[in-house]
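# Architecture and fold: a report
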Amino acid sequence: LLALLITIFTVLIAVTTLVATFAGRQSELALSLSGEISRRKCTEENLRRSEAYLAEAQRLSRTGSWVFNVATRGVVHSSEEHRRLFGFDPKEGMPVWDDWVRRIHPEDRERMMDTMEQSIRAGTDFELDYRTAHPDGTIKYIHAVGHPVLNASGDLVEFMGASIDMTDRKRAEAEARESERRYREAQAELAHVTRVTTLGELTASIAHEVNQPLAAVLANAEACLHWLDRESPDLDGARRSVEWIIKDGKRAGEVIQRVRGILKKSDTQKAPLDVNDVVNDAVALVQRELLRHHVSLRMELAPALPVVLADRVELQQVIINLLINGIQAMQTVTDRRRELTIRTHQNDQILITVKDCGVGISAENADRLFNAFFTTKSGGMGMGLSICRSIIETHGGRVWAEPNLPHGAVFHFTVPLHQEDAL
């Protein structure tokens with residue numbers, strides 16, 4: 001009996017120990033499972049938060065991500081923003097490949113498909129620009145980049161990439177180009193008005209330039225008649241008179257042609273030019289103004305200058321404007337000789353300098369002279385020098401001014417050499 005009781009007691013202790021051990025393990029397992037569940041919930045929450053952040057970042061940057069399966073020729077992943085770029089509702093299911101293709105603009109479709117096929121065959125990155133056409137007529141400009149994904153065996157299985165919405169940038173670039181075009185048109189219009197206004201001031205000089213060869217034509221014509229009316233007509237003298245008539249007629253025609261060129265309203269037409277020829281043409285047009293204001297002109301033109309690529313009329317306009325400004329700056333000068341100097345010089349560019357001995361310019365105004373609507377003249381508009389700067393900068397040069405101590409001002413501008421001569 002005692003042995004039986006001891007056995008029963010031992011069995012009870014063993015069973016109790018086993019039950020306690022099992023209960024402890026179950027408790028540990030429950031705690032472990034609870035912790036794992038908490039960790040998974042936390043991970044899922046972080047994942048959802050990351051996905052939300054990524055989706056928001058893609059929405060703000062208008063960038064969509066995608067994955068294309070090479071074997072099935074289908075999109076296996078497309079972010080919400082990527083679907084919006086193609087006009088699909090992100091809440092609907094994944095579109096089939098043919099639906100994606102149909103949303104590509106018809107003019108870009110073949111080029112895009114060829115690029116993708118070439119990248120699949122070569123297993124290389126690709127980058128291309130194309131447009132998507134939505135059912136409502138919306139056009140999106142897309143910039144896409146793709147990268148190949150290889151398996152463990154090195155075989156191409158997928159392409160993953162991103163598509164960026166470039167529509168707003170394209171629209172901004174188009175608006176900027178349109179604004180630049182309108183600005184250029186306005187500048188050209190204003191430059192034309194300024195040329196016409198300048199010609200109004202130079203009317204007397206132009207008339208003088210035309211009258212000289214016309215008077216010579218009449219004189220030579222009378223001389224020709226005189227040689228012919230002699231008892232023995234002097235044919236050699238008559239021939240010389242006719243040759244002079246032709247020469248003076250061409251001179252008059254050249255003056256009229258220069259005036260017509262300045263009046264002509266047309267786009268910039270750059271051609272190889274000899275700067276000295278342009279200077280001489282401009283000086284001829286302001287000759288009367290020089291005489292009227294008792295201004296002597298000294299010309300220091302460097303010989304054998306290389307040609308420049310420029311618009312003759314616009315370059316002539318700049319020179320005339322600077323010469324007229326110099327003449328007007330010396331109107332009030334009475335205590336010294338009124339002298340205007342124009343000089344051409346070559347370094348890495350062609351440098352043209354116009355120097356006067358007038359009232360001069362202050363240091364604070366030197367940097368503002370070429371600003372639109374800034375003028376030191378009581379009746380000036382402040383556009384002449386601004387237009388000069390615009391013309392010279394369009395030609396790739398620069399223009400600036402500085403005091404001519406002790407009296408007057410010096411204006412410089414440069415014009416790049418014609419590329420063939422620069423080489």
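Whatever comes next refers back to the structure up there.
Residues numbered from 1 in each chain as written. Predicted model: local features only at pLDDT ≥ 70, side-chain atom pairs only at ≥ 80, totals over all residues. Heavy atoms only, no water.

### Section: empty space enclosed by the protein
A complete count under the given rule lists two cavities of 30 Å³ or more for this structure. By volume, the largest cavity is sized at about 160 Å³. Surrounding the largest cavity, 15 residues form its lining, W66, H82, W97, M112 and M116 being those nearest its centre. Every element with two or more residues in the lining of the largest cavity is listed here: β1 (63–69), α3 (97–102), α4 (106–122) and β3 (126–133). Grouping the constituent residues of the lining of the largest cavity by class yields 13 nonpolar, two polar and no charged. (1 Å grid on protein atoms, 1.4 Å probe; cavity = no way out; pocket = protein on both sides within 12 Å on 5 of 7 lines; lining within 4 Å. Points joined across faces, edges and corners; volume = space filled by probe spheres on them. Helix = DSSP H or I, 4+ residues; strand = E, 2+ residues; numbered from the N terminus. Nonpolar A, V, L, I, M, F, W, Y, C, P; charged D, E, K, R; others polar.)

### Comments concerning the pattern of salt bridges
Evaluation of the coordinates by the stated rule reveals 15 salt bridges. Put simply, R312 and D281 hold a salt bridge, and the shortest N to O gap is 3.1 Å. In this pair, R312 is assigned in helix α9 (residues 312–329) and D281 in helix α8 (residues 275–292), connecting sequence segments 31 residues apart. For R312, a relative accessible area of 33% translates into the label partly exposed. Here E300 ties to R298 by a salt bridge, and the two come within 3.0 Å at their closest N and O atoms. According to the relative accessible area criterion, R298 is partly exposed, its value standing at 37%. Via salt bridges that share partners, E107, D108, R111 and R131 belong to a single interconnected network. (Salt bridge = Lys/Arg side-chain N within 4 Å of Asp/Glu carboxyl O. Buried < 20%, exposed > 50% of the residue type's maximum accessible area, 1.4 Å probe, protein only.)

### A few points about a nonpolar patch on the surface
A cluster of nonpolar side chains, L1, L4, L5, I8 and L12, forms an exposed patch at the surface whose accessible area comes to about 540 Å². With respect to the helices and strands, L12 occurs in helix α1 (residues 2–61). (Patch = residues over 30% accessible without salt bridge, like charges linked within 9 Å, V, L, I, M, F, W, Y side chains within 5 Å. Areas by Shrake-Rupley, 256 points an atom, 1.4 Å probe, with all protein chains shown as cover.)

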